[in-house]
Amino acid sequence: MQRVSCLVVNQSDERIIANDYSEESPHLGQLIRRQAKHICSYSMLKRRFPVLSWLPSYQWSYLLYDIIAGITVGLTAIPQSIAYGILANLQPEYGIYSNVMGCVGYALFGSVKDVTIAPTSLTAILVQGIVAELHYGTALLTFLSALITIMFGVLNLGVLVRFISIPVVMGFTTAACLTIGSAQVRSLLGISSKGKGSDFVSSWSNVFTNLNQVRWADSVLGVSSILLLVLFRFTKDFNITRSRPFFKYARLLSNAVVVVIGTLLAYLLTSDIGNPAFLLTGPVKAGLPTFQAPPFSYTNENGTEYSFSDMIGVMRTTIITIPLVTTLEIVSVAKAFSMGRIINATQEMIALGVSNLLVCFCSPLPVAASFTRSAINNSSGVRTSLGCAITAIMLLLSLTFLTEAFYYIPKATLASIVINAMIFLVDYEEIGNIWRTKKIDMIPFLATAASCLFWELDYGILVGIGIHCAFLLYLISSPRLTSELCLVSDMRILLIGMDQSLAFSSAERLRDWILRQIENYETKIDLVVIDGQNVNFIDMSVAKNVVSIEQDLRARKIQLLLWRFETDTAFTLLRMRKELFLPLLRADHELEEAVAGWKCYHFEPSLNSFS
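Summary of the structure given here. (Residues numbered from 1 in each chain as written. Predicted model: local features only at pLDDT ≥ 70, side-chain atom pairs only at ≥ 80, totals over all residues. Heavy atoms only, no water.)

### Describing the environment of Tyr84
Here's step 1: Examined against the element boundaries, Tyr84 turns out to sit in helix 5 (residues 60-87).
Here's step 2: For the pair Tyr84 and Ala124, spaced 40 residues apart in sequence, the C-alpha to C-alpha distance is 5.9 Å.
Here's step 3: When near neighbours in sequence (up to four residues on either side) are disregarded, Tyr84 contacts Pro119, Thr120, Ser121, Ala124, Leu365, Arg373, Val418 and Ala421. (Helix = DSSP H or I, 4+ residues; strand = E, 2+ residues; numbered from the N terminus. Contact = heavy atoms within 4.5 Å.)

### Description of the sheet that holds strand 6 (residues 491-498)
Here's step 1: An order of 5-6-7-8-9 is seen for the 5 strands of this open sheet, with the pairing classed as mixed. Only two strands of the sheet have a single neighbouring strand rather than two, namely strand 5 (481-488) and strand 9 (585-586).
Here's step 2: As defined by bridge partners, strand 7 (residues 527-531) adjoins strand 8 (residues 559-563) across 5 bridges and the pair is classed as parallel. Bridge pairing in strand 8 links Ile530 to Leu562.
Here's step 3: Where helix 24 (residues 504-520) meets the sheet, its contacts fall on strand 5, strand 6 and strand 7, and the angle it forms with strand 5 comes to roughly 45°.
Here's step 4: In this fold helix 25 (residues 540-555) packs onto strand 7 and strand 8, with an angle of close to 145° to the strand it touches most, strand 8. (Pairing = 2+ DSSP bridges. Axes fitted to C-alpha atoms, helices over the stretch in contact; angles between N-to-C directions.)

### Section: the pattern of salt bridges
Here's step 1: Per the stated rule, a full pass over the model turns up 8 salt bridges.
Here's step 2: Among the salt bridges present, the one from Asp114 reaches Lys113, with a minimum N-O distance of 3.1 Å.
Here's step 3: Its relative accessible area of 1% is what places Asp114 among the buried residues.
Here's step 4: Since its relative accessible area comes to 29%, Lys113 is described here as partly exposed.
Here's step 5: Between Arg492 and Asp526 there is a salt bridge, and its shortest N-O distance comes to 3.4 Å. Residue Arg492 is located in strand 6, and its partner Asp526 is located in the loop between helix 24 and strand 7; the two are separated by 34 residues in the primary sequence. (Salt bridge = Lys/Arg side-chain N within 4 Å of Asp/Glu carboxyl O. Buried < 20%, exposed > 50% of the residue type's maximum accessible area, 1.4 Å probe, protein only.)

### Some points on the side chain of Thr326
Here's step 1: Counting through the fold element by element, Thr326 comes out in helix 15 (residues 318-336).
Here's step 2: Take Thr326: its relative accessible area is 2%, and that puts it in the buried class.
Here's step 3: Of note is the side chain of Thr326, whose polar atom sits 2.5 Å from the backbone oxygen of Ile322.
Here's step 4: Setting aside residues no more than four positions away along its own chain, Thr326 makes contact with Thr123, Leu352, Val367 and Ala368. (Polar contact = N/O pair within 3.5 Å; in protein donor to acceptor, adjacent residues only side chain to side chain.)

### Focus on a nonpolar patch on the surface
Here's step 1: A cluster of nonpolar side chains, namely Val260, Ile261, Leu264, Leu265, Tyr267, Leu268 and Leu269, defines an oily patch on the protein surface of about 700 Å² accessible area.
Here's step 2: Relative to the helices and strands, Tyr267 resides in helix 13 (residues 254-269). (Patch = residues over 30% accessible without salt bridge, like charges linked within 9 Å, V, L, I, M, F, W, Y side chains within 5 Å. Areas by Shrake-Rupley, 256 points an atom, 1.4 Å probe, with all protein chains shown as cover.)

### A look at helix 10 (residues 200-209)
Here's step 1: Among all positions of helix 10, only Phe200, Ser202, Ser203, Asn206 and Val207 are buried.
Here's step 2: On its buried side, helix 10 packs onto helix 9 (166-189) and helix 22 (442-454).
Here's step 3: Backbone nitrogen of Val201 and a side-chain oxygen of the N-cap are separated by 3.4 Å at the start of helix 10; the cap is Asp199.

### Focus: the packing of helix 5 against helix 20 (residues 411-425)
Here's step 1: Across the interface, helix 5 lies against helix 20 with an axial gap of 9 Å and an inter-helix angle of 95°. Between helix 5 and helix 20, the angle falls in the class roughly perpendicular. Residues Pro79, Gln80, Ile82, Ala83, Tyr84 and Ile86 of helix 5 touch helix 20, and the partners they reach there are Leu414, Ile417, Val418 and Ala421.
Here's step 2: For the contact of helix 5 with helix 20, the per-class residue count stands at 9 nonpolar, 1 polar and no charged. (Parallel < 35°, antiparallel > 145°, perpendicular 65-115°, else oblique. Nonpolar A, V, L, I, M, F, W, Y, C, P; charged D, E, K, R; others polar.)

### Notes on the environment of Phe454
Here's step 1: Looking at where Phe454 falls in the secondary structure, it is placed in helix 22.
Here's step 2: For the pair Phe454 and Val201, spaced 253 residues apart in sequence, the C-alpha separation works out to 6.8 Å.

### Re the packing of aromatic side chains
Here's step 1: Going through the model one piece at a time under the given rule, you end up with 12 aromatic pairs.
Here's step 2: On the basis of an interplanar angle of 90° and a centroid distance of 5.7 Å, the ring pair of Tyr58 and Tyr62 is categorised as edge-to-face.
Here's step 3: Between Tyr94 and Tyr97, the ring centres sit 5.7 Å apart and the planes meet at 85°, which makes this aromatic pair edge-to-face. One end of the pair, Tyr94, and the other, Tyr97, are both in helix 6 (residues 92-109), 3 residues apart, so they sit about a helical turn from each other.
Here's step 4: For Tyr97, a relative accessible area of 3% corresponds to the buried category.
Here's step 5: Chaining the aromatic ring pairs together yields one cluster made of Trp54, Tyr58 and Tyr62.
Here's step 6: The ring of Trp563 carries Arg564 above its face, with NZ or CZ at 4.0 Å from the centroid. (Phe/Tyr/Trp six-rings, centres within 6.5 Å; stacked < 30°, edge-to-face > 60°. Lys NZ or Arg CZ within 6 Å of the ring centre and 35° of its normal.)

### Structural notes on the environment of Ser380
Here's step 1: Mapped onto the elements of the fold, Ser380 is located in the loop between helix 17 (371-379) and helix 18 (386-401).
Here's step 2: Separated by 311 residues in the primary sequence, Ser380 and Ala69 place their C-alpha atoms 4.9 Å from one another.

### Remarks on the pairing of strand 6
Here's step 1: Most of strand 6 is tucked away, with 7 of its 8 residues classed as buried.
Here's step 2: For strand 5 and strand 6, the ladder comprises 8 bridges, and the chain directions are antiparallel. Among the inter-strand pairings, Val488 is bridged to a residue of strand 6, identified as Met491.
Here's step 3: The hairpin formed by strand 5 and strand 6 contains 2 residues between the paired strands, and Ser489 there has a positive phi angle of roughly 50°.
Here's step 4: Here 4 bridges tie strand 6 to strand 7, and the two strands are oriented parallel to one another. Paired with Leu495 across the strands is Val529, a residue of strand 7.
Here's step 5: Crossover connection from strand 6 via helix 24 to parallel strand 7: handedness right-handed. (Right-handed = clockwise from strand over helix to strand, strands pointing away.)

### Some remarks on the packing of helix 9 against helix 23 (residues 457-477)
Here's step 1: In the contact formed by helix 9 and helix 23, the axes pass within 9 Å of each other and the chain directions differ by 160°. Compared by their axis directions, helix 9 and helix 23 come out roughly antiparallel. Helix 23 is crossed by helix 9, and the crossing has right-handed handedness. Every residue of helix 23 that contacts helix 9 at Pro167, Val168, Phe172, Ala175 and Ala176 is listed here: Leu457, Ile461, Gly464, Ile465 and His468.
Here's step 2: Of the residues that constitute the contact of helix 9 with helix 23, the class distribution is 8 nonpolar, 2 polar and no charged. (Left-handed = near helix turned anticlockwise from the far one by under 90°.)

### Describing the nonpolar core
Here's step 1: Tyr106, Val115, Ile117, Phe172 and Met315 are the most contacted members of the largest nonpolar core, which totals 100 residues.
Here's step 2: Apart from residues lying up to four places away in sequence, Met315 is in contact with Ile130, Leu134, Gly137, Leu140 and Leu141.
Here's step 3: Counting residues in hydrophobic clusters, the runner-up holds 46 residues, among them Val528, Trp563, Leu574 and Phe581. (Core = buried A, V, L, I, M, F, W, Y, C linked by side-chain atoms within 4.5 Å.)

### Quick look at unusual backbone geometry
Here's step 1: Notably, His135 is not glycine yet its phi reads approximately 50°, a positive angle.
Here's step 2: Considering the arrangement of structural elements, one finds His135 in the loop between helix 7 (121-134) and helix 8 (139-154).
Here's step 3: For His135, a relative accessible area of 14% gives the class buried.
Here's step 4: Even without a glycine there, the phi angle at Arg316 is positive, about 50°.
Here's step 5: For Arg316, the position within the fold is in the loop between helix 14 (308-315) and helix 15.
Here's step 6: Judged by relative accessible area, Arg316 falls into the partly exposed class, the value being 40%.

Taken by themselves, the reported measurements are silent on function.
Structure representation (structure tokens):
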């Protein structure tokens, strides 16, 4: 009779004592009631609306800090939003509209006080080609991306971003920076021709084809602006004690300073508005945005009509790429400024989705977490998410009173802001870590970067994810197997060990490897022992292959012993063939004890052949 206490490692499991090896079915009724009670609780309401947590306990002493932070971020957000609106092939005001609604959405639903939601260079470049064809119809893309992001949050699907590895992210970020920076070289040099596209190859092809259009005034202004921004960035290393506060705020407001200088120069040097000294931003629509539902069919400026399915065909994989990339971005930025606190990734995804849901009613340009503006928010001493709301108010005021000044902002100045951000967005140290730590990780990094540069950004990241997932599948399908021939109780035993759990893709490998090991040994094997100490999971395919292993070994007059398997793993085998596996499982601490127990309680006629 089988001794229950030596069947599996977890000897105190009640199911073993009761000889109940069945798999428990989920109690859907209890689960639904428990979840419904949890969802309808006030604590859940506060988690989904963080404003209900910080607003009742708001202190007046926080207000000054939040106002300073909101204004400081706003001064940086105005030129950047205009630049990213232009980068996305939209009118400049759409960048500001997106920033306003992004700030409002995050102020209500965001859980990290420092994070700022705004249009970014990445979202601008991802929608750039779609805007060229659909123009305002791209608001549908923002709407669909918002719904998918909210679904990620509600269904706790943030786990999907775990399949985007660091080398893939680095490859995508590097390629995006090169693509975005290359697209701005045209404006930096004052070239008016837009070329065939804004991808990496088309951008440089357009520059070299139109070198005769280079305007020296724009070039000097653009390069000087980049040098000034770089100088501001490095002022953090200055050790002049008295000037440290000045350099700190100069660095925080560097974008605004450069824009003010460029705008003043353009205004003072332009005597004829028809022949300006520099290429200018041009008219920016004043006033509040017009709210309208995102279009589900659209007729673009050329008169081409698009049905809903046609619009989806234009958007293609961008519909899923934007939610994935922006989700990864907001979780990363939130963790960077969480000060060690646990981040509610679900809430951050919901906040991002709601922000884009608000944006799609007034702008086609989606928003994401901005690391630069979040860092400024943090450095300015923000106390609550009210800082985001104040930034939104400042942006609205700029749309009301400053649009005439926006007209004179040189495109070369805006290009310098974008290029400077791209220069420092690439994490050069992390690329070195990839090479130094594990050189094989350079394959997905380089594949992602090359695909993004010479194909498309959204396809490139999918290529990188696919390559790295192929690595992962190979590792899962190729457990490290070891064999050791030993003599125990006058029996020649082949001890098989493995370093991980087994899935269907590794089932055949285990069987073939065991049979090859038996053939490699010239001496006769009496017993094969499979050590399941490191096996925490097997599926039906593996269980079926273990049955085949036992049959193959029996045909060779070799017996099988399964040693040190966990409860759930052993129960999977027992549910497959209880009468076969019940005599084969042992969980003694020592191999000698397991073999001795197996010989005493294993009832097989062929056992006499071992005496």
